[in-house]
Amino acid sequence: MTAKLFKGAEYLITAATKDDIFTPEDFTDEQKQIGETTAQFVQNEVMPHRAEIENHDFGLVVQLMKKCGELGLLMIDAPEEYGGLELDKATSMLAAEKISTAGSFSVTYSAHSGIGTLPLVYYGTKEQKDKYLGRIISGEWIAAYCLTEPDSGSDALGAKATATLSPDKKFYLLNGTKQFITNGSFANLYTIFAKIDKEHFTAFLVERTAEGLSVGPEENKLGIRGSSTTQIVLENARVPVENVLGQIGKGHKIAFNVLNVGRFKLGAAVTGAAKYALAEGIKYANIRKQFGSPIAGFGAIKEKIADLTAAIFAAESLVYRLAGLIDDKLATIDKNIPNYYEVYQKGIEEYAIECAIAKVFCSEVLAEVVDQVVQIHGGYGVIQEYPAEGFYRDERINRIFEGTNEINRLLIPGMILSRSMKGEIPLQREAMKAVEALMTPSMDELDDTDPFAAEKALIANLKKAFLVLAGSSVQKFMMALKDEQEILLAAADVAINIFAIESALLRAEKILPSLSEAKKASVIAAVKVFTFSAAEQTATAARKAAFFIEEGDNLAILLGGIRRFTKYDATGLLAFKRQLAKAASEAEKYIF
Ligand SMILES: Cc1cc2nc3c(=O)[nH]c(=O)nc-3n(C[C@H](O)[C@H](O)[C@H](O)COP(=O)(O)OP(=O)(O)OC[C@H]3O[C@@H](n4cnc5c(N)ncnc54)[C@H](O)[C@@H]3O)c2cc1C
């Protein structure tokens, strides 16, 4: 347990300390064991078969899923009374991180154990769980989640699929088409969303053998080619009334709550993929010689390796900080209450903002990593025999599914403002204080005994910048702010970077005393290198927002404030980058 349980979005208005966050260094032996089992499974069982999997050997994929089940890797989130392990989110995120190196197979795994299984765990009746859950968590059956339709992706509630009660009231007849369904071709159980009487958005558990359900052809994709993606076509598909999942008309709750989980797990998964890709990039840089020496010795390559290492350190710090927040919150819930999963869902929803941040930030770190790893490989980066080419293709989807990064970015300020309006966080009061600080310039006195004094001052200031921007935009646009997407996106970038810098810094502060001198130097370097680039990005986003919001004297005041609030002294930056690159090149992997 951490010292103080922060509410969702509270990080923007309250200073957190190192004791308030969970870090990967806090993993217990049991958690590490599950991570190790997953990594071994990937190494021994999946990697030797990557080519067959990429060539759509789905029979093999199904067998591997069964092996995953035998190892207990499909039951991490399932309740003990149904044979599950019911472990914390940090553990399921660690498993997601470790399985991510399996590429396409990890998408099959994630869809099955996440969006495929969790609707049943959270919303299923005892009878439904008795009937299906054992088969799903053992890997005997594969699960899929069918929300998207050809005409409704981001606008998921615009779904057209319908459900009509049969005259004998024993079945619902489902009609419509579901699009881009992961595990579509070999799943045995589909969670399908459709509107009863074209109105009441509802989830249904539909067996593959249901009369009227058919599977479309495999899509030919840019990446993750060894995962199955198909349409699911429903033509009067007969679904017994007892297979309605959750309440009629409350399907949106299932759809969105499960996506919160999908987002933080995706954050962990893409962080694992980034570590793996970086290691390949570093190894290649060490062996590839040009101009008579390994390219790893050139400053241009060193800088890439340093920047990527620092960015992954931030992603990892952020995503496991979120795991700690969620686990601490869920640990406060009494398992014996009758509406346990309802309260549990609310517990996760509390951190919906941080879940969206994790999805966006970590997927974009991976995007940068794979892009630069291709670049490190030069021409070989685009040749299929080299892994960089596959990393590059496989990465792209992560910025699209589980809510596109635009949709997730829009959700961040949207939810912050709605919580403020409901009085859940005192944003308005804090924004007024920040405006006062803007008007009364003061010099930051830095504690020169603290290696992170500059970063701490920066974080406190960035929070003020966010609050001032939030205050100005609300004042100017009031309720119409929700339609000013360009402003919301810029505000999201400020909020995301604050969480990322703070997570990296607090983790570093927490682990520093236990590290060797060499490791200490690397951790400090990672924080400095990441903070510099994130502060620059935050300054750009904040300035952009200021130009979008204000003009004239108000604009000048706002820009002056942003200049002051985003100031960061990165003295020694080059030495930090070289130090970090040296440590990573020597270790030939992600070093933290
Ligand atoms: C390989 C793969 C696997 C998938 N697996 C599943 C699955 O298992 N189950 C499932 O249900 N779905 C799945 N999906 C669907 C996926 O979740 C959607 O593709 C995604 O939500 C985006 O929807 P869309 O493709 O219709 O794009 P659109 O919603 O049409 O978006 C197109 C563009 O417009 C932007 N946009 C849309 N609306 C807005 C708005 N209001 N404001 C600003 N910008 C906006 C988007 O950000 C995007 O850039 C999968 C997709 C793929 C490609």
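In what follows, the structure referred to is the one given above.
Colleague: Any chance you could explain the environment of Arg 263 here in plain terms?
Modeller: By the element assignment, Arg 263 lies in helix α8 (residues 251–287). In the structure, Arg 263 is positioned 58 residues away from Leu 205 in sequence and 22 Å away in space, judged by C-alpha atoms. Among all residues touching Arg 263, those that are not within four sequence positions of it are Cys 355, Ala 356, Lys 359, Glu 402, Gly 403, Asn 408 and Leu 411. Looking at Arg 263, its side chain comes within polar contact range of the main-chain oxygen of Glu 402, at 2.8 Å.

Colleague: It is not clear to me how the nonpolar core should be interpreted in this structure. Could you clarify?
Modeller: Nonpolar side chains tend to gather and get buried jointly when the protein is soluble and globular. Phe 361 and Ile 416 are the most contacted members of the largest nonpolar core, which has 169 residues in total. If one sorts the elements of this core by residue count, helix α9 (residues 299–330) sits on top with 18 residues. For Ile 416, the residues in contact, after removing those within four places along its chain, are Ala 9, Leu 12, Ile 353, Ile 425, Leu 427, Phe 466 and Ala 495. Of all hydrophobic cores here, the second largest spans 43 residues; its members include Ala 95, Tyr 109, Tyr 172 and Ala 237.

Colleague: What is the right way to read the site of the ligand from this model?
Modeller: Around the ligand sit 21 residues, and of these Tyr 145, Thr 148, Ser 154, Phe 180 and Thr 404 come closest. When the free accessible area of the ligand is taken as 970 Å², the share hidden by the protein chains comes to 67%. Among the secondary structure elements, those contributing two or more residues to the shell around the ligand are β1 (143–146), β3 (171–182) and α13 (405–421). Looking at the shell around the ligand, its residues break down into 12 nonpolar, seven polar and two charged.

Colleague: What is the right way to look at the pattern of salt bridges in this model?
Modeller: Pairing between side chains of opposite charge can happen when the charged atoms of each approach one another. For the structure on display, the rule yields 34 salt bridges. A salt bridge links Arg 507 to Glu 25; the shortest N-O distance between them is 2.8 Å. Note that Arg 507 is positioned in helix α16 (residues 485–511) and Glu 25 in the segment before α1 (29–46), a separation of 482 residues in sequence. Its relative accessible area of 0% is what places Arg 507 among the buried residues. Taken together, the shared-partner salt bridges connect Glu 25, Glu 97, Lys 275, Glu 316 and Arg 507 into one network.

Colleague: I keep staring at helix α14 (residues 427–439) and nothing clicks. Help me out?
Modeller: For an α-helix the count is 3.6 residues per turn, leaving residues at separations of three or four pointing the same way. Taking 1.5 Å of rise per residue, 13 residues should cover 18 Å, and α14 covers 18 Å from first to last C-alpha, within 8% of that figure. Among the residues of α14, Leu 427, Glu 430, Ala 431, Ala 434, Ala 437 and Leu 438 are the ones counted as buried. One side of α14 holds all its buried residues, which, seen down the axis, span an arc of 115°. Those residues of α14 that are exposed and aimed more than 90 degrees away from the buried face are Gln 428, Arg 429, Met 432, Glu 436 and Met 439. Packing partners of the buried residues in α14 comprise α13, α15 (453–477) and α18 (552–565).

Colleague: Sorry, what's going on with the packing of aromatic side chains here?
Modeller: By convention here, two paired aromatic rings are described through the distance between centres and the angle between planes. Taken as a whole and judged by the stated rule, the model has 21 aromatic pairs. Both rings, one in Tyr 380 and one in Tyr 386, keep their centres 5.3 Å apart while their planes meet at 55°; by these two values the pair is tilted. Look at Tyr 386 and you get partly exposed, because its relative accessible area is 30%. Taken together, a centroid distance of 5.7 Å and an interplanar angle of 75° make the contact between Tyr 590 and Phe 592 edge-to-face. Of the aromatic side chains, those joined through ring pairs into one cluster are Tyr 122, Tyr 340, Tyr 341 and Tyr 344. One cation-aromatic arrangement involves Arg 135 over Trp 141; the distance from NZ or CZ to the ring centre is 4.2 Å. Stacked on the ring of Phe 171, the Lys or Arg Arg 238 has its end atom at 4.0 Å from the ring centre.

Colleague: Looking at this structure, how should I read the pairing of strand β7 (residues 229–240)?
Modeller: Sheet faces and side chains relate simply in a regular strand, where the side chains alternate between the two faces. With nine bridges connecting them, β3 and β7 associate as antiparallel partners. Its bridge partner lying in β7, Lys 178 is registered against Ile 232. Where strand β6 (residues 213–215) lies against β7, three bridges are found, and the strand directions are antiparallel. Within the sheet, the bridge partner assigned to Val 215 lies in β7 and is Ile 232.

Colleague: What's the story with the environment of Pro 24 in this structure? I'm lost.
Modeller: Positionally, Pro 24 belongs in the segment before α1. With a relative accessible area of 12%, Pro 24 lands in the buried category. Pro 24 sits 72 residues away from Ala 96 along the chain, and the two C-alpha atoms are 14 Å apart. With sequence-adjacent residues up to four places away left out, Pro 24 is seen in contact with Glu 316, Tyr 320 and Arg 507.

Colleague: What exactly am I supposed to notice about the packing of α15 against α18 here?
Modeller: Two measures define how a pair of helices packs: the angle their axes make with one another and the distance between the axes. Where α15 contacts α18, the two axes come as close as 8 Å, and the packing angle between them is 160°. With respect to α18, the axis of α15 lies roughly antiparallel. Both α15 and α18 take part in a crossing whose hand is left-handed. In contact with Leu 458, Asn 461, Leu 462, Lys 464, Ala 465, Val 468, Leu 469 and Ser 472 of α15, α18 contributes Leu 558, Ile 562, Arg 564 and Phe 565. Across the contact of α15 with α18, the residue classes break down as eight nonpolar, two polar and two charged.

Colleague: Help me understand empty space enclosed by the protein, please; the structure alone is not making it clear to me.
Modeller: Gaps left between atoms are located by rolling a probe of water-molecule size over the structure's atoms. Under the counting rule described, the total for this entry stands at three cavities of 30 Å³ or more. The volume enclosed by the largest cavity comes to roughly 110 Å³. Lining the largest cavity are 14 residues, and of these Pro 413, Phe 466, Ala 470, Ser 473 and Ala 491 lie nearest its centre. For the lining of the largest cavity, the secondary structure elements donating two or more residues are α13, α15, α16 and α17 (517–549). Considering each element in turn, the lining of the largest cavity owes the most residues, four residues, to α15. When its residues are assigned to classes, the lining of the largest cavity shows 13 nonpolar, one polar and no charged.

Colleague: It is not clear to me how the packing of α8 against helix α11 (residues 352–376) should be interpreted in this structure. Could you clarify?
Modeller: Where α8 meets α11, the closest approach of the two axes is 8 Å, and the angle between their N-to-C directions is 20°. With respect to each other, α8 and α11 are oriented roughly parallel. Considering the relative orientation of α8 and α11, their crossing is left-handed. Here the contact of α8 with α11 is composed, by residue class, of 19 nonpolar, five polar and two charged.

Colleague: Teacher, can you tell me more about helix α3 (residues 58–70) here?
Modeller: In a regular helix each residue adds 1.5 Å, so 13 residues correspond to 18 Å; α3 covers 18 Å between its end C-alpha atoms and thus fits that length. Among the residues making up α3, those that are buried are Phe 58, Leu 60, Val 61, Leu 64, Met 65, Cys 68 and Gly 69. Buried residues along α3 sit in contact with α1, α2 (50–54), α4 (89–99), α5 (104–116) and α7 (126–138). Where α3 terminates, the next one or two residues include Gly 72, which has phi positive at roughly 85°.

Rules and cut-offs
- In this numbering scheme, every chain counts its residues from 1 along its sequence in written order.
- pLDDT decides what is reported in this predicted model: residues at 70 or higher carry local features, side-chain atom pairs at 80 or more are listed and counted, and totals for whole chains, interfaces and linings draw on all residues regardless.
- Where side-chain values are given, they derive from all heavy atoms of the structure, hydrogens and water being excluded.
- Runs of H or I in DSSP of at least four residues are treated as helices and runs of E of at least two as strands, each being numbered from the N terminus.
- The contact criterion used throughout is that any non-hydrogen atoms of two residues lie within 4.5 Å.
- Two N or O atoms form a polar contact when they lie within 3.5 Å of each other; inside protein one atom must be a possible hydrogen donor and the other a possible acceptor, and for residues adjacent in sequence the pair counts only when both atoms belong to side chains.
- Among buried residues, the Ala, Val, Leu, Ile, Met, Phe, Trp, Tyr and Cys ones that are joined through side-chain atoms within 4.5 Å form a nonpolar core.
- Burial classification: accessible surface area is computed with a 1.4 Å probe over protein chains only, and a residue below 20% of its type maximum counts as buried, one above 50% as exposed, and the rest as partly exposed.
- Each residue is tested against the molecule or strand, and it is near if at least one of its non-hydrogen atoms lies within 4 Å.
- To be clear on the numbers: accessible area is Shrake-Rupley with a 1.4 Å probe, and residue cover counts the displayed protein chains and nothing else.
- Residues were grouped as follows: Ala, Val, Leu, Ile, Met, Phe, Trp, Tyr, Cys and Pro as nonpolar; Asp, Glu, Lys and Arg as charged; and all remaining residues, including Gly, as polar.
- What counts as a salt bridge is simple: a side-chain nitrogen of Lys or Arg found within 4 Å of a carboxyl oxygen of Asp or Glu.
- Take the number of residues in a helix, subtract one, and multiply by 1.5 Å to get its expected span.
- For this quantity, the arc is that covered by the directions from the helix axis to the C-beta atoms.
- Aromatic contacts are taken between Phe, Tyr and Trp rings whose centres are within 6.5 Å, Trp giving its six-membered ring; a plane angle under 30 degrees counts as stacked, one over 60 as edge-to-face, and the others as tilted.
- For a lysine, the NZ atom is tested; for an arginine, the CZ atom; a charge sits over a ring if that atom is within 6 Å of the ring centre and within 35 degrees of the ring normal.
- Between any two strands, pairing holds if DSSP finds at least two bridges.
- For helices, the fitted axis covers only the stretch in contact; all axes are lines through C-alpha atoms, and the angles between them, taken along N-to-C directions, range from 0 to 180 degrees.
- For classification, angles of less than 35 degrees are called roughly parallel, those exceeding 145 degrees roughly antiparallel, those between 65 and 115 degrees roughly perpendicular, and all remaining angles oblique.
- Rotating anticlockwise by less than a right angle from the far helix to the near helix defines a left-handed crossing, while the corresponding clockwise rotation defines a right-handed one.
- In this analysis, the protein atoms alone were mapped onto a 1 Å grid. Cavities are point sets where a 1.4 Å probe fits without being able to get out; pockets are open sets with protein on both sides within 12 Å along at least five of seven lines; lining residues have an atom within 4 Å of a point.
- Grid points are joined across faces, edges and corners, and a volume is the space filled by probe spheres set on the points.

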